Amino acid sequence: MNATVATSVFGVFMVVTVALGLLATRGRRKGKGDGGLAEWSVGGRSLGTVFIWVLMAGEGYTSFSYLGAAGWGYNYGAPVLYVVAYMSCGYAVGYVVGPMLWAYARRHGLVGITDMVAHRFGRPWLGALVAVLATVFLLPYIQLQITGMGVVVSTISYGAVGLNQAYFIAFAVTTGFVVVSGLRGSAWVSVLKDVLVIATLGFLAVYVPMHYFDGYGPFLDRLVAEKSEWLTFPGHGDSGLGQAWFITTSFLNSLTVVIFPTTVAGYLGAKNADVLRRNAMLLPAYNVLLFVPMLLGMAALFVVPGLVGAESNLALFKLVVDSLPAWTVGLVGVAAALSSIVPMAVFMLVIGTMWGRSVLSLVPRWERRQKGAAQVVVVVAGSLALLLTYTAPNTLVRLSLISYEGMAQLLPMVLLGLVWRRLTLLGAMSGLVVGVGVVCGFVFTENDPVWGVNAGIVALGANLAVALAVTYAGPRERDDRPDDEVLARDEIGPVVRDAEPGDGGGGGGDGGVRTSTGTGTGAGAGTETGAGG
């Protein structure tokens, strides 16, 4: 009976999720070519403060919030606070970077970081290269969200739904509404997710301490008396996650999160730059909720002791399943499942957009079908992640460790390149190769942390040093485009859209970017009026 009630609640909300994705597309204009891609991938650049807030907050509340955060709190304690630290600092960095990237993309009709680097350096193939690299670092996130949702569904169904069936449900629901509704559908579902997340975590924050410990006072007293090791760095056990690791990880991730392709998708969906500034001020308040699973993970130390390995990730759900009625368990499961679906949807959407825009568009027959190509890639990427979940569930575990650290190696090429014209393509590429090589070397030899600090920050230091050295030592690159065409600026006030997708703007900067004078410049192709694309 418990399994029937919980799974029925879950099933109803999954139907509602797909319905919201379909409703999100009603009344939206259907563009052609790139116009359709812009509506699908960045919501037609028309999302307001509320939708941008819930969409970008959704990226911070993945299955990690219910599983990983509680598991880290259970296993280590204090080091898990790095999540709150880097996200809050990242929002501060995003206050400056977000409007700058938004203005640059809107001016040139771009829809992602692959477009931006290709346009900045005038090389279409560079966008394709970055798309492939970013996919390698994003694909583990899709698999991990499928795995997380599968664990949630299996747990809340009291074992009635097996993991294999739950994995397929995660893939089917997410792929279905992403292909149909794109970013706008993800934003609509994020509203439902946020209501449930706030309600369930708020309830659990009160219920668990009262039910198991008679209040926060007795719980915290017991935690200090019996588990004090969990309250200081480096936390419980020989984790190596000390103060230096905490500082370097928080710093690196706060910079990386602003150029993460999924974050940039949120930036570019905004209708104006002020939406992003307001969003950057509001989002840190949402981080308060992250303390709940972290604290409940430590509460589980006393209620369900002895969890080891992957079982520790179920610390919070074991508290829920063992003490709450089935319908409540179902609601908590829905909130956790949506916390997998929303970020997974954005990851799949971004991968599809990058490939449709920067890789497959290089093939002439696909150039005018970028939205269709992107939708095909979404299905392929999701299917690949699902297949790996079934056949090799641990294949990407080690790779997932370098997702953020690997993505950080794009920082010089993306951010430095957009504000400093002197950076050359050879310098940026040399630094990227060195940075990715160093971080992979550390991670795959199990030397992360290294010397007590995050391996990614060491790799980024090497990346930046090589990029600067090669730039200054090598020849200057000839680029006759004006600064306004190459560099990004945070422009206060309305930004004139000089290029509509599909009319010659974007396309990786390979030609036909319409400027305010009506003249397009193309790398290595002279100038043409309204040409290219």
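Quick notes on the rules
Residues numbered from 1 in each chain as written. Predicted model: local features only at pLDDT ≥ 70, side-chain atom pairs only at ≥ 80, totals over all residues. Heavy atoms only, no water. Helix = DSSP H or I, 4+ residues; strand = E, 2+ residues; numbered from the N terminus. Buried < 20%, exposed > 50% of the residue type's maximum accessible area, 1.4 Å probe, protein only. Contact = heavy atoms within 4.5 Å. Areas by Shrake-Rupley, 256 points an atom, 1.4 Å probe, with all protein chains shown as cover. Polar contact = N/O pair within 3.5 Å; in protein donor to acceptor, adjacent residues only side chain to side chain. Core = buried A, V, L, I, M, F, W, Y, C linked by side-chain atoms within 4.5 Å. 1 Å grid on protein atoms, 1.4 Å probe; cavity = no way out; pocket = protein on both sides within 12 Å on 5 of 7 lines; lining within 4 Å. Points joined across faces, edges and corners; volume = space filled by probe spheres on them. Salt bridge = Lys/Arg side-chain N within 4 Å of Asp/Glu carboxyl O. Axes fitted to C-alpha atoms, helices over the stretch in contact; angles between N-to-C directions. Parallel < 35°, antiparallel > 145°, perpendicular 65-115°, else oblique. Nonpolar A, V, L, I, M, F, W, Y, C, P; charged D, E, K, R; others polar. Patch = residues over 30% accessible without salt bridge, like charges linked within 9 Å, V, L, I, M, F, W, Y side chains within 5 Å. Expected span 1.5 Å × (residues − 1). pLDDT = per-residue confidence, 0-100. Phe/Tyr/Trp six-rings, centres within 6.5 Å; stacked < 30°, edge-to-face > 60°. Left-handed = near helix turned anticlockwise from the far one by under 90°.

**A few points about the overall build of the protein**
Move 1: If you tally the helices and strands in the protein, you get 22 helices and three strands.
Move 2: Counting only residues that meet the buried cut, the protein has 59% of its 533 residues in that class.
Move 3: Put simply, 81% of the contacts in the protein that link residues at least 6 apart link residues at least 24 apart.
Move 4: Surface exposure of the protein reaches about 19,900 Å², of which carbon and sulfur atoms provide 65%.

**Focus on the side chain of Q409**
Move 1: By the secondary structure assignment, Q409 is in the loop between α18 (403–407) and α19 (411–419).
Move 2: A polar contact is formed between the side chain of Q409 and the backbone nitrogen of L460, at a distance of 3.4 Å.

**Quick notes on the nonpolar core**
Move 1: Y66, M116, I142, F317, L410 and M413 are the most contacted members of the largest nonpolar core, which has 151 residues in total.
Move 2: The element best represented in this core is helix α15 (residues 326–359), accounting for 19 residues.
Move 3: If sequence neighbours within four positions are ignored, I142 has contacts with M344, F347, M348, I351 and A385.

**Comments concerning empty space enclosed by the protein**
Move 1: This model, assessed by the stated rule, comprises two cavities of 30 Å³ or more.
Move 2: Volume-wise, the largest cavity comes out at about 110 Å³.
Move 3: Together, 14 residues line the largest cavity, and V111, G112, V350, T353 and M354 are the ones closest to its centre.
Move 4: Within the residue set of the lining of the largest cavity, elements represented by two or more residues are α6 (113–121), α11 (261–268) and α15.

**Some words on the environment of A326**
Move 1: Counting through the fold element by element, A326 comes out in helix α15.
Move 2: With 320 residues separating them in the primary sequence, A326 and A6 have C-alpha atoms 5.2 Å apart.

**Observations concerning the pattern of salt bridges**
When their charged atoms lie close together, side chains carrying opposite charge are able to pair.
Move 1: Enumeration according to the criterion identifies eight salt bridges in this entry.
Move 2: When the shortest N-O distance is used, the salt bridge between R421 and D483 registers 2.8 Å. Residue R421 is found in the loop between α19 and α20 (425–444), and its partner D483 is found in helix α22 (residues 483–486); the two are separated by 62 residues along the sequence.
Move 3: In this structure R421 comes out as partly exposed when scored by relative accessible area, which is 27%.
Move 4: In this structure D483 comes out as partly exposed when scored by relative accessible area, which is 37%.
Move 5: Here R478 ties to D480 by a salt bridge, and the two come within 3.2 Å at their closest N and O atoms.
Move 6: Connected through shared salt-bridge partners, R421, D479, R481 and D483 make up one network.

**Description of the packing of helix α5 (residues 82–108) against α6**
Move 1: Relative to each other, α5 and α6 sit at 70°, their axes nearing to 11 Å. Put simply, α5 runs roughly perpendicular to α6. Where α5 abuts α6, its residues L101, Y104, A105 and H108 lie against M116, H119 and R120.
Move 2: For the contact of α5 with α6, the class distribution of residues is four nonpolar, two polar and one charged.

**Concerning a nonpolar patch on the surface**
Move 1: A cluster of nonpolar residues, V18, L22 and V180, forms a patch on the protein surface that exposes about 210 Å² of accessible area.
Move 2: Looking at where V180 falls in the secondary structure, it is placed in helix α8 (residues 163–213).

**A word on unusual backbone geometry**
Move 1: Going from F233 to P234, the amide bond is cis rather than trans, its omega being 5°.
Move 2: Structurally, the position occupied by P234 is in the loop between α9 (216–226) and α10 (243–256).
Move 3: The step from D448 to P449 runs through a cis peptide bond, and the omega angle for that step is 5°.
Move 4: Summarising the element assignment, P449 is placed in the loop between α20 and α21 (455–473).
Move 5: The phi angle at D214 is positive, at roughly 65°, despite the residue not being glycine.

**A short note on the environment of P305**
Move 1: Among the structural elements, P305 can be located in the loop between α13 (291–303) and α14 (315–321).
Move 2: What makes P305 exposed here is its relative accessible area of 56%.
Move 3: Each C-alpha atom of the pair P305 and Y74 lies 9.2 Å from the other, and the pair is 231 residues apart in sequence.

**So, α20**
Move 1: Between its first and last C-alpha atoms α20 spans 28 Å; for 20 residues at 1.5 Å apiece the expected length is 28 Å, and the two agree.
Move 2: Of the residues trailing α20, E446 is marked for its positive phi of about 60°.

**What about the confidence of the model for the protein?**
Move 1: Of all residues in the protein, 81% attain a pLDDT of 70 or more, and the chain-wide mean is 81.
Move 2: At the level of individual helices and strands, the protein shows its lowest average pLDDT in strand β3 (residues 527–528), which scores 29, and its highest in α21, which scores 97.
Move 3: Segment residues 29–35: pLDDT under 50, and nine contacts once partners within four positions in sequence are set aside and those in other chains are kept.
Move 4: Across residues 495–533 the pLDDT falls below 50, and counting only partners more than four positions away or on other chains, this stretch makes 96 contacts in the model.

**Structural notes on the environment of L144**
Move 1: Note on placement: L144 falls in helix α7 (residues 124–156).
Move 2: For the pair L144 and T62, spaced 82 residues apart in sequence, the C-alpha separation works out to 9.8 Å.

**Re the packing of aromatic side chains**
Centre-to-centre distance and the angle between the planes together describe a pair of aromatic rings.
Move 1: Overall, the coordinates contain 18 aromatic pairs when judged by the stated rule.
Move 2: Among the aromatic residues, those joined into a cluster by ring pairs are W72, Y76, Y82, Y86, Y141, W245, F260, F347 and Y404.

**Considering the packing of α5 against helix α12 (residues 273–286)**
Any two packed helices are characterised by the angle at which their axes cross and by the distance between the axes.
Move 1: The geometry of α5 relative to α12 is characterised by a closest axis approach of 9 Å and an angle of 165° between their N-to-C directions. Between α5 and α12, the crossing angle belongs to the class labelled roughly antiparallel. Judged by the sense of rotation from one axis to the other, the crossing of α5 with α12 is right-handed. The residues of α12 that touch α5, namely those facing Y91, Y95, G98, P99 and W102, are A273, L276, R277, A280, M281, L283 and P284.
Move 2: In the contact of α5 with α12, the residues fall into 10 nonpolar, one polar and one charged.

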